[in-house]
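Per-entry structural report
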Amino acid sequence: MYENYIFDLYGTLVDIRTNESKRSLWEKMTEIYAFYGAEYKPMELKRRYIALCREEEQKIIGFDYPEVDVLKVFKRLFEEKNVKMDDKSCTLIGQFFRVTSTKFVKLYDETLDVLKLLKEKNKKIYLLSNAQNIFTSYELKYLGIYDYFDGIKISSNESVKKPSAMFFDSLFNKYKLDKKKSVMIGNDWIADMKSAYDYGIDSIYIHTDISPSDTVLDDVKAKYIIEDGNIGNIRKFIL
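So, here is what we can say about the structure in this document.

Here is what the cut-offs are and how they apply
Residues numbered from 1 in each chain as written. Predicted model: local features only at pLDDT ≥ 70, side-chain atom pairs only at ≥ 80, totals over all residues. Heavy atoms only, no water. Axes fitted to C-alpha atoms, helices over the stretch in contact; angles between N-to-C directions. Helix = DSSP H or I, 4+ residues; strand = E, 2+ residues; numbered from the N terminus. Parallel < 35°, antiparallel > 145°, perpendicular 65-115°, else oblique. Left-handed = near helix turned anticlockwise from the far one by under 90°. Contact = heavy atoms within 4.5 Å. Nonpolar A, V, L, I, M, F, W, Y, C, P; charged D, E, K, R; others polar. Buried < 20%, exposed > 50% of the residue type's maximum accessible area, 1.4 Å probe, protein only. Phe/Tyr/Trp six-rings, centres within 6.5 Å; stacked < 30°, edge-to-face > 60°. Patch = residues over 30% accessible without salt bridge, like charges linked within 9 Å, V, L, I, M, F, W, Y side chains within 5 Å. Areas by Shrake-Rupley, 256 points an atom, 1.4 Å probe, with all protein chains shown as cover. Salt bridge = Lys/Arg side-chain N within 4 Å of Asp/Glu carboxyl O. Lys, Arg positive; Asp, Glu negative; His and termini not counted. Charge placed at Lys NZ, Arg CZ, Asp CG, Glu CD.

A short note on the packing of helix H1 (residues 23-35) against helix H4 (residues 87-101)
One way to put it is that H1 packs onto H4 with a least axis distance of 10 Å and a crossing angle of 155°. One way to sum up the angle between H1 and H4 is to call them roughly antiparallel. Like other packed secondary-structure pairs, H1 and H4 cross with a definite hand, here right-handed. In contact with Leu-25, Trp-26, Lys-28, Met-29, Ile-32 and Tyr-33 of H1, H4 contributes Ile-93, Phe-96, Phe-97, Thr-100 and Ser-101. Tallied by class, the residues present in the contact of H1 with H4 amount to eight nonpolar, two polar and one charged.

Dropping the structure here:
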């Protein structure tokens, strides 16, 4: 059986709903930027945020699936208004953005039970997540699961994201993992499953409410498929 369990986060271990398009979010963001002397109108700020994300992505060279670090974007939004802000302050403002745009974030019902069982069985647990460090590292601690992981890779820290094999390499090379003893668990049929298949490792697909809407189960390249979204069902692949 497997020794290394590599998890996706959102839609796999964690249920989350966010909305970064709602006007009320950008109205609040203009207020907090204005507090520090950076004056924007709500839709102006939204347009610049999106444009700067694209610009930052274009700066990343050498990766097939580049991932921006939005901390740089929040900082550049100040710079465009000739306001200097340090990384710590921009991190807090980015987290305000995250909290304001999030309807809820919570563990799936049996997430903790599965992680505890893996630890009891002396398995290694890793996280490979397409995410932003200024959001995700704090959410892991808030949700009480940070310390369960033997290794964590967040795409914004690596400048590359799934389905890139380079992102998998960053995890496997750092922790010297054996592909034959490793399994990827996720809810995205391309970013998690196809990428694991192409990388040469087994996978467990969990079909949840926030799996991509175009998912066709017959096309999912996974060794095991859990159709009902219950992460607790991976016990049969652990014991």
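Describing the side chain of Gln-95
Within the secondary structure layout, Gln-95 lies in helix H4. Look at Gln-95 and you get buried, because its relative accessible area is 17%.

Observations regarding the packing of aromatic side chains
The tally for this structure, following the rule as stated, stands at 13 aromatic pairs. Measuring from ring centre to ring centre gives 5.3 Å for Tyr-49 and Phe-97, while their planes differ by 35°; the resulting arrangement is tilted. Here Phe-97 lies in helix H4 and Tyr-49 lies in helix H2 (residues 42-59), a separation of 48 residues in the sequence. Here Tyr-49 and Phe-97 have matching classes, each one buried.

Looking at a negative patch on the surface
A contiguous patch of negative charge, built from Asp-218, Asp-219, Glu-227 and Asp-228, is present on the exposed surface. Here Asp-218 shows up in the loop between strand E7 (202-206) and strand E8 (224-226). For Asp-218, a relative accessible area of 74% translates into the label exposed.

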